[in-house]
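Spelled out, the chains give:
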Amino acid sequence: MKTLRNPLLFLILLSSMTACFRSPLQLARDGISTYDIVVPSDADTLILHAAEELKHYILLSSGADMPITLEENREPDRQALYVGFHPDTTNLEAHTIGYLVEDEDLFIYGGNSKSTLYAVYRFLERELGCMWLSPDAEKVPATTRLAIDPGTSYSYTPEIETRTVHSRLFYENHAFADKLGVTYEGFPGYVPGHGVHTFHRFLPEAVHYEDHPEYYALRGDKRLTTQLCLSNEEVLGIVIDSVHALFDRYPESAIISVSQDDNTQYCQCEHCAAIDEEEGSPSGSMIRFVNAVAEHFPHKMISTLAYQYTRKPCQTRPASNVLITLCSIECDRSKPIEEGCADFAGDLKGWKELTENIRIWDYTTQFTHFLAPFPNIHTLHPNIHLFRDSHAKWIFEQHSHQPSELFELRSYLTAQLLWNPDQNPDLVMEGFCEAYYQEAAPFIQEYIYTIHAEIQEVPEFFLFLYGDPSQGFDSFLRPELLDTYDNLFTQAE
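The present account deals with the structure reproduced in this document. (Residues numbered from 1 in each chain as written. Predicted model: local features only at pLDDT ≥ 70, side-chain atom pairs only at ≥ 80, totals over all residues. Heavy atoms only, no water.)

## Points about the packing of aromatic side chains
Our working definition: Aromatic rings from Phe, Tyr and Trp, taking only the six-membered ring of Trp, are treated as a pair when their centres fall within 6.5 Å; an angle between ring planes under 30 degrees marks them as stacked, one over 60 as edge-to-face, and anything in between as tilted. Consider the ring centre and the ring normal. A charge sits over the ring if Lys NZ or Arg CZ is within 6 Å of that centre and within 35 degrees of that normal.
In the structure shown here, the tally under the stated rule is 31 aromatic pairs. Linked through ring pairs, F187, Y190, W361, Y363, F367, F370, W394, F396, F462, F464 and Y466 together constitute an aromatic cluster. The positively charged end of R122 is found above the aromatic ring belonging to W419, 5.3 Å away from the centroid. Across the ring face of Y266, the terminal group of R219 is positioned such that the distance to the ring centre comes to 5.4 Å.

This is how it looks when you write it as structure tokens:
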């Protein structure tokens, strides 16, 4: 037998073996805890709320009522669950979240106060098994022993920094939105009323058209109020003055939209047409115009659309404080965008080469009939992956604001994939179904798998946002399948 002769090596090995066999940290047992929730002495309302949420869900799960205390009042003989602290450094990215065990204490932290709140929810989700399914449905597993491994360390920085699901479940229930890490509104940080389609707001027809028809789009031989003439210097001056006034009125707002109205009747006057010809796209006159506006507001962001006729990228680079909102309205929703909408994927690649400021406006519902079956769930994951990989840090998923088919499931799944696009979407969906529909889950899942398999049997089918359910009567909504779906929902009920 060989003898270990190096005492330092022996101590290292002994220390490693001891760490491997350390007992888990017992946060609570049989409704009793020796831990306090500790917050910084200067904690703001968000940090205090994060601590209250941690206390609330630990109490629901384990029965242990942990007191919340300020750092300066902490009792030294009690262990701590620190909320809003990082043990090594405060130099974190704003969107970073994490938690870790050090000695006998647990630290839950974020790069800012909102991220700390998100960190608490991810801790509760990952370590306690909590799930927030809808504003009035959640899952909090009960336990008599709440413990965590001594080597636990988790850190995550979401690549999609601003995540919006256009659903009233989030807009009308801010606490629920926080639990899933999405925004409370479609245009956070924008000047109110100036999130999109703003040309008519800057130059109202009733004010300017009679005296200055040249401010508006030339179509054929007539000036129309459909869009603005972007080569007109007076138009530029009016828009700059209007933006100045709006930022003065709303100094807390960081973004304003200077964007086309919702039609394709853009200006074709000699000067605008020459710019677009030189730039290779009607987005050319738009970007030159918006860049000229942005030059006057270096500390603000000017948002504009790459939408319909301006979707194709031009030659001019958007200014560093111009945000491009790229819209996928034309795409077939039955297939992932890279497979079924190559033109959009190509335009996304082109804009990615011009700017790092890309906001995606994607669509996930049928506007003509929200409650009709719309089998596009299988496209959510690959599309969000595409957007993330194209460096889009802001994604707006225009789900149905009103109740729609599988409303809670779609809202939850989309939010989860925006938070972490690398999750397995089938596991997320199955987990939701089991928790939310419970004993009805197998029938709901069979409906989902069946209708999605059926639409993929018809590869030429174009699932359009403005389509009609009757278009599916020969495929995924044919009579015998409607009977099948109806039977599944009857069993679920």
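## A word on the side chain of H197
Put simply, the test is: A helix here means a DSSP run of H or I that spans at least four residues, while a strand means a run of E at least two residues long, and both kinds are numbered starting from the N terminus. Only protein chains enter the calculation, and the probe is 1.4 Å; a residue is then buried if its accessible area is under 20% of its type maximum, exposed if over 50%, and partly exposed in between. Whether two residues are in contact is decided by their heavy atoms, any of which lying within 4.5 Å being enough.
Among the structural elements, H197 can be located in the loop between α5 (174-180) and α6 (199-202). The buried category is assigned to H197, whose relative accessible area is 18%. In this view, H197 contacts S257, S259, Q260, D261, D262, L305 and Y307; residues no more than four positions away in its chain are not counted.

## Side note on a negative patch on the surface
Rules: Any residue with relative accessible area above 30% and no salt bridge may belong to a patch, with like charges joined within 9 Å and the nonpolar Val, Leu, Ile, Met, Phe, Trp and Tyr side chains within 5 Å. Note on areas: Shrake-Rupley with a 1.4 Å probe; residue coverage comes only from the protein chains shown. Any Lys or Arg side-chain nitrogen found within 4 Å of a carboxyl oxygen on Asp or Glu counts as a salt bridge. Lys and Arg are tallied as positive, Asp and Glu as negative. Neither His nor the chain termini are counted. Taken as the charge centre is NZ of Lys, CZ of Arg, CG of Asp or CD of Glu, depending on the residue.
Among the surface-exposed residues, D42, D44, E71 and E72 lie close enough to one another that they form a single negatively charged patch. Relative to the helices and strands, E71 resides in the loop between β3 (68-70) and β4 (79-83). Residue classification places E71 among the partly exposed positions, given a relative accessible area of 41%.

## Notes on helix α17 (residues 479-492)
Spacing of three or four residues puts side chains on the same side of an α-helix, whose turn is 3.6 residues. Where we set the bar: To estimate how far a helix should extend, the number of its residues minus one is multiplied by 1.5 Å.
Here α17 is 14 residues long and its end C-alpha atoms lie 20 Å apart, about the 20 Å a rise of 1.5 Å per residue gives. On its buried face, α17 is in contact with α16 (441-456).

## A closer look at unusual backbone geometry
Despite not being glycine, H391 has its phi angle at roughly 70°, a positive value. Within the fold, H391 resides in the loop between α13 (377-389) and β18 (394-398).

## A word on the pattern of salt bridges
Applying the stated criterion across every chain yields a total of 17 salt bridges. Ionic pairing is found between D332 and K335, a salt bridge with its closest N-O pair at 2.7 Å. Across the salt bridge formed by R410 and E405, the nearest N and O atoms sit 2.9 Å from each other. Taking relative accessible area as the criterion, E405 reaches 12% and is therefore assigned buried. Taken together, the shared-partner salt bridges in this structure form one network comprising E159, R388, D389 and D422.

## Considerations on helix α14 (residues 407-419)
With 13 residues, α14 extends 19 Å from end C-alpha to end C-alpha; this agrees with the ideal 18 Å at 1.5 Å per step. Across the 13 residues of α14, 12 count as buried, placing the element largely inside the fold. All buried positions along α14 are accounted for by F407, L409, R410, S411, Y412, L413, T414, A415, Q416, L417, L418 and W419.

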